Amino acid sequence: MDPNPLLLLPPCLSSNSSLSQDFNSSFCSLNTLLLSSSSKPSSPFEISPTLPNPSFASVSVSQYRSILNSLSNLERALIGAAAGGAAGAFTYVCLLPIDAVKTKLQTKGAAQIYSGALDAAFQTFRTQGILGFYRGVSAVLVGSATSSAIYFGTCELGKSLLSKLPSFPALFIPPTAGAMGNIVSSAIMVPKELITQRMQAGAVGRSWEVLVRILEKDGILGLYAGYSATLLRNLPAGILSYSSFEYLKSFVLSKTGKAYLEPAQSVLCGALAGAISASLTTPLDVVKTRLMTQAHGEVRNKVSETLRQIVMEEGWGGLARGIGPRVLHSACFAALGYFSFETARLAILHYYVHRRDEMAVGTVA
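Conventions adopted
Residues numbered from 1 in each chain as written. Predicted model: local features only at pLDDT ≥ 70, side-chain atom pairs only at ≥ 80, totals over all residues. Heavy atoms only, no water. Core = buried A, V, L, I, M, F, W, Y, C linked by side-chain atoms within 4.5 Å. Buried < 20%, exposed > 50% of the residue type's maximum accessible area, 1.4 Å probe, protein only. Helix = DSSP H or I, 4+ residues; strand = E, 2+ residues; numbered from the N terminus. Contact = heavy atoms within 4.5 Å. Axes fitted to C-alpha atoms, helices over the stretch in contact; angles between N-to-C directions. Parallel < 35°, antiparallel > 145°, perpendicular 65-115°, else oblique. Nonpolar A, V, L, I, M, F, W, Y, C, P; charged D, E, K, R; others polar. Salt bridge = Lys/Arg side-chain N within 4 Å of Asp/Glu carboxyl O. Phe/Tyr/Trp six-rings, centres within 6.5 Å; stacked < 30°, edge-to-face > 60°. 1 Å grid on protein atoms, 1.4 Å probe; cavity = no way out; pocket = protein on both sides within 12 Å on 5 of 7 lines; lining within 4 Å. Points joined across faces, edges and corners; volume = space filled by probe spheres on them. UniProt positions renumbered as here; feature names shortened; annotations may be inferred.

Attention now goes to the nonpolar core. Tyr151, Phe245, Leu261, Cys269, Tyr338 and Phe341 are the most contacted members of the largest nonpolar core, which totals 17 residues. Listed by contribution, the elements that provide at least two residues to this core are α3 (73–94), α7 (137–162), α10 (227–256), α11 (263–293) and α13 (323–364). Looking at which element gives the most residues to this core, the answer is α10, with 5 residues. With residues up to four places along the chain from it excluded, the contact list for Tyr338 reads Ser241, Tyr242, Phe245, Gly270 and Phe333.

Dropping the structure here:
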């Protein structure tokens with residue numbers, strides 16, 4: 001038995017000359033992207049116009065590869081971006097209340113205000129009602145949809161391009177593509193998180209009013225307070241979460257012998273991957289939150305200075321503040337995010353390929 005079972009790859013990924021070429025289609029996208037088999041074997045791209053039930057439909061690995069290999073790099077990136085935008089907005093809005101509690105616990109001085117996550121949630125509900133958990137939701141909708149679209153689009157493009165490099169190790173494609181997506185999407189994510197967390201920390205006004213005040217006081221660079229800390233957090237977190245999910249998925253597939261994960265398996269693998277990533281990167285998230293919620297005039301504080309200040313004032317335990325809500329949030333986010341992304345991509349891919357084939361048939365006719 002292999003001493004590291006998480007590195008086991010399913011049978012469809014056994015070593016062969018086309019492993020690098022087909023890696024992104026057979027390793028990274030099999031969990032819920034389920035397409036119905038055509039009754040006409042002469043056309044592997046012909047899909048039934050009726051969307052099948054994802055819980056019961058199945059497709060062989062070779063058919064799945066053929067369908068994805070018929071798409072260009074740009075087509076895969078655009079489909080991934082569209083699905084990522086829809087899944088990102090849906091997932092972030094669903095989990096915004098948990099993120100609001102985490103932000104309150106990580107804000108400077110929270111130790112004197114809240115005794116824990118439940119107390120923070122209770123005080124928020126008592127003083128602001130249910131809407132208190134959804135402050136900054138408009139910024140979340142716009143920012144998360146845009147950043148998620150950029151993230152998943154970049155990841156899909158990265159996987160497509162890296163898989164065509166024969167000398168690039170297939171095992172390193174997911175973390176490399178994930179890092180590429182994080183770097184690009186953070187340029188959109190940081191201003192969105194900044195506005196949301198300022199409002200969750202008590203800033204008065206609507207999202208656009210908070211945005212205007214930040215620009216007036218600190219300029220465009222004020223929107224990127226905590227950008228370096230965000231990258232410092234997102235890169236390890238993204239690589240840990242994405243890679244953990246892929247290795248867990250590969251392990252499950254190697255045991256079940258199937259080409260895809262069942263929905264429940266996808267949710268569990270995603271939740272575990274998110275929890276692992278969140279628990280290991282909470283200190284980075286605390287530093288990032290402090291940088292984003294600091295008062296005007298302190299925006300020049302550096303990551304190292306903020307880290308030193310937290311340890312001096314609160315001890316090493318201050319770097320673990322909010323770990324409970326963060327792990328819960330990340331586990332739910334990863335589980336819901338992977339599932340919703342693949343579901344959205346299933347619908348978009350089904351529609352796109354079907355329309356493409358219809359147009360091809362019409363052109364021939």
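What follows is about the packing of α11 against helix α12 (residues 303–314). Between α11 and α12, whose axes approach to 10 Å, the crossing angle comes to 105°. Judged on the interaxial angle alone, α12 and α11 are roughly perpendicular. Contacts between α11 and α12 involve Val286, Val287, Arg290 and Leu291 from the first element and Val303, Thr306, Leu307, Ile310 and Glu314 from the second. Residue composition of the contact of α11 with α12, by class: 6 nonpolar, 1 polar and 2 charged.

It is worth spelling out the pattern of salt bridges at this point. Applying the stated rule across the entire model yields 5 salt bridges. A salt bridge links Arg345 to Glu156; its shortest N-O distance comes to 3.1 Å. Of this pair, Arg345 sits in helix α13 while Glu156 sits in helix α7, placing them 189 residues apart in sequence. What makes Arg345 buried here is its relative accessible area of 5%. Across the pair Arg355 and Glu358 runs a salt bridge, and its minimum N-O distance is 3.1 Å. With Arg355 and Glu358 both in helix α13, this residue pair falls 3 residues apart, about one helical turn. You can call Arg355 partly exposed: its relative accessible area is 39%. The class for Glu358 is partly exposed, based on a relative accessible area of 38%. Salt bridges sharing partners connect three or more residues here, namely Glu156, Lys159 and Arg345.

All right, on to the packing of aromatic side chains then. A ring pair, where both rings are aromatic, is described by two values, the distance of the centres and the angle of the planes. Scanning the model with the defined rule gives 4 aromatic pairs in all. Look at Tyr151 and Phe152: their rings are 5.1 Å apart centre to centre, the planes differ by 75°, and that puts the pair in the edge-to-face class. Taken together, a centroid distance of 3.9 Å and an interplanar angle of 10° make the contact between Phe245 and Tyr338 stacked. Of this pair, Phe245 sits in helix α10 while Tyr338 sits in helix α13; the two residues are 93 residues apart in sequence, bridging distant segments of the chain. Each of the two residues, Phe245 as well as Tyr338, counts as buried. Ring pairing ties together the aromatic residues Tyr151, Phe152 and Phe341, which thus form one cluster.

With that out of the way, let us pick up empty space enclosed by the protein. Counting across every chain of the model gives 3 cavities of 30 Å³ or more. Each pocket or cavity is described by its volume, and for the largest cavity that value is around 870 Å³. When its residues are assigned to classes, the lining of the largest cavity shows 13 nonpolar, 17 polar and 7 charged.

Another point: the UniProt feature "transmembrane region" (unreviewed entry) in the chain. Here, UniProt's "transmembrane region" (unreviewed entry) annotation points to residues 77–98, 132–152 and 172–190. Along residues 132–152 the backbone is 76% helical and 0% strand, and the end-to-end C-alpha distance reaches 30 Å.

The subject of this paragraph is the environment of Pro175. Tracing the backbone through its elements, the reader meets Pro175 in helix α8 (residues 173–200). Residues Pro175 and Lys159 lie 16 residues apart in sequence; the distance between their C-alpha atoms is 9.8 Å. Apart from the residues within four sequence positions on either side, Pro175 is in contact with Ile239, Tyr242 and Ser243.

The next subject is the environment of Leu240. Mapped onto the fold, Leu240 is located in helix α10. Leu240 gets classed as partly exposed once you look at its relative accessible area, which sits at 28%. Taking the C-alpha atoms as reference points, Leu240 and Thr281, separated by 41 residues in sequence, lie 9.4 Å from one another.

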